[in-house]
Amino acid sequence: MLVLRLLNVVAPAYFLCISLVTFVLQIFVFIPSMFRDPSTTPLFSPALLHGALFLFLSANALGNYVLVIQNSPEDLGKDFNLGKGALASRSPGSALPGTHFCRLCSRVTQRHDHHCFFTGNCIGSRNMRNFIMFCLYTSLACLESLVAGMAYISATLSMSFADPLAFLTLLPHSISQFFSGALLSSEMFVILMLYLWLGIGLACAGFCCHQLLLIVRGQTRYQVRKGMLVRARPWRDNLQEVFGKKWLLGLLIPVQNVESSYCRQKEK
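The shown structure was predicted, so the numbers you read here are calculated from the model rather than taken from an experiment. (Residues numbered from 1 in each chain as written. Predicted model: local features only at pLDDT ≥ 70, side-chain atom pairs only at ≥ 80, totals over all residues. Heavy atoms only, no water.)

**A short note on helix H5 (residues 128-157)**
Part 1 of the reasoning: The end-to-end C-alpha separation of H5 is 43 Å, in line with the 44 Å expected for 30 residues at 1.5 Å each.
Part 2 of the reasoning: Positive phi appears at Ser158, one or two residues downstream of H5, with a value of about 55°. (Helix = DSSP H or I, 4+ residues; strand = E, 2+ residues; numbered from the N terminus. Expected span 1.5 Å × (residues − 1).)

Here it is, written out as structure tokens:
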């Protein structure tokens, strides 16, 4: 439990550090290098288009990250006046059907999906949509940074990535050149970030697709892990329960749940 609590603090700090490094590289390294191309017009230069795309993706990723934390699941234990003895039993949710007790958050939540260490919060019915949008835009921002970084390395080192093997062999060749003094430390750092962006981007994309599949089935990760049976419902109803009717608004800008089933239940 001590390791998990430590990870609950380290993981958000790790994400924020990676986000800060990515922002600095984009604003002060990648985008300025695109302005050096004299063949482009100032109005529709790749630098401006790339900068606008990166700001849109990063704003949505960080905005939904904040909303995941703000919309953390309510503690039903307080509403039902569960005492310390019930919390100490590690299964207070047994008295409340459809709930789960998270030992890291010390709260009883409804429709618990999982505990996200990178946000330090449980993911449930309140913040599921924001969590999926956070994974989606984090993946897109990392993959977009990967493309921009490859363009920068290609121009700086005068190399081509037309051959797929060029990217696969980039890291071992760069390490040997770095220790021989032929590669600058700043260039080596950008190359390491390329592989980090690739790993984070693919991981978030895979997690997002897996989470969407569970939503279509009307399941949560906790239910799948425990082998719980769920009532069969149309997949459209399952999607509307999480994303609401105005799902397009939440796809473009980071907003709270709009007309989702959870919000309608709270109003009642």
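Let's pick the thread back up.
**Here's the deal with unusual backbone geometry**
Part 1 of the reasoning: Positive phi outside glycine occurs at Ser106, with the angle close to 55°.
Part 2 of the reasoning: Mapping Ser106 onto the fold places it in the loop between strand S1 (99-102) and strand S2 (107-110).
Part 3 of the reasoning: Despite not being glycine, Ser158 shows a phi value in the positive range, around 55°.
Part 4 of the reasoning: Mapping Ser158 onto the fold places it in the loop between H5 and helix H6 (164-168).

**With respect to the side chain of Thr109**
Part 1 of the reasoning: Relative to the helices and strands, Thr109 is located in strand S2.
Part 2 of the reasoning: Of the polar contacts made by the side chain of Thr109, one reaches the side chain of His112; its length is 3.5 Å. (Polar contact = N/O pair within 3.5 Å; in protein donor to acceptor, adjacent residues only side chain to side chain.)

**Description of the nonpolar core**
If you look at soluble globular proteins, the nonpolar side chains tend to sit buried side by side.
Part 1 of the reasoning: Core analysis: the biggest nonpolar cluster contains 24 residues, and Leu25, Phe30, Ile153, Phe161, Val190, Leu194 and Trp197 have the highest contact counts within it.
Part 2 of the reasoning: When residues of this core are traced back to their parent elements, those giving at least two are helix H1 (2-34), H5, H6 and helix H8 (185-217).
Part 3 of the reasoning: Considering each element in turn, this core owes the most residues, 8 residues, to H8.
Part 4 of the reasoning: Core analysis: the second largest hydrophobic core is formed by 19 residues, Leu57, Val68, Phe134 and Val242 among them. (Core = buried A, V, L, I, M, F, W, Y, C linked by side-chain atoms within 4.5 Å. Buried < 20%, exposed > 50% of the residue type's maximum accessible area, 1.4 Å probe, protein only.)

**Concerning the pairing of S2**
Part 1 of the reasoning: With 4 bridges joining them, S1 and S2 adopt antiparallel strand pairing. Residue pairing in the sheet places Thr99 in a bridge with Gln110 of S2.
Part 2 of the reasoning: A loop of 4 residues connects S1 with S2, the two strands running antiparallel in sequence, and Ser106 in this loop sits at a positive phi of about 55°. (Pairing = 2+ DSSP bridges.)

**Observations regarding the UniProt feature "transmembrane region" (unreviewed entry) in the protein**
Part 1 of the reasoning: Within this structure's numbering, the places UniProt gives as "transmembrane region" (unreviewed entry) are residues 12-35, 47-68, 131-153 and 190-216.
Part 2 of the reasoning: Structurally, residues 12-35 comprises 96% helix and 0% strand, and the distance from its first C-alpha atom to its last is 34 Å. (UniProt positions renumbered as here; feature names shortened; annotations may be inferred.)

**Let's talk about the pattern of salt bridges**
Part 1 of the reasoning: In this structure the tally under the stated criterion is 2 salt bridges.
Part 2 of the reasoning: Among the ionic pairs, Arg233 bridges to Glu241, the shortest N-O distance being 2.9 Å.
Part 3 of the reasoning: Judged by relative accessible area, which is 21%, Glu241 ranks as partly exposed. (Salt bridge = Lys/Arg side-chain N within 4 Å of Asp/Glu carboxyl O.)

**Some remarks on the state of the cysteines**
Part 1 of the reasoning: A complete count under the given rule lists 0 disulfides for this structure.
Part 2 of the reasoning: The thiol sulfur of Cys105 is not disulfide-bonded, and the nearest other cysteine sulfur, from Cys122, lies at 3.5 Å.
Part 3 of the reasoning: As a non-bridged cysteine, Cys122 has Cys102 as the owner of its nearest cysteine sulfur, 3.3 Å distant.
Part 4 of the reasoning: The exposure class assigned to Cys122 is buried, which follows from its relative accessible area of 1%. (Disulfide = S-S within 2.5 Å.)

**Here's the deal with the confidence of the model for the protein**
Part 1 of the reasoning: Averaged over all residues, the pLDDT of the protein equals 84, while 84% of them reach at least 70.
Part 2 of the reasoning: Confidence, expressed as mean pLDDT per element, reaches its minimum in the protein at helix H4 (residues 84-88) with 46 and its maximum at H8 with 95.
Part 3 of the reasoning: Scored below 50 in pLDDT, residues 84-95 shows 12 contacts in the model against residues more than four places distant or in partner chains.
Part 4 of the reasoning: Below pLDDT 50 for its whole length, residues 264-268 participates in 3 contacts with residues either more than four positions away or in separate chains. (pLDDT = per-residue confidence, 0-100. Contact = heavy atoms within 4.5 Å.)

**Considering the packing of aromatic side chains**
Part 1 of the reasoning: Tallying each qualifying case throughout the model produces 13 aromatic pairs.
Part 2 of the reasoning: An angle of 50° between the planes, with centres 5.5 Å apart, marks the rings of Phe30 and Tyr152 as tilted. Taken together, the residues span a long stretch of sequence, with Phe30 in helix H1 and Tyr152 in helix H5 at a distance of 122 residues.
Part 3 of the reasoning: Residue Tyr152 is classed as buried on the basis of its relative accessible area, which comes to 18%.
Part 4 of the reasoning: Relative to Tyr195, the ring of Phe167 has its centre 4.7 Å away and its plane inclined at 25°; by these criteria the two rings are stacked. (Phe/Tyr/Trp six-rings, centres within 6.5 Å; stacked < 30°, edge-to-face > 60°.)

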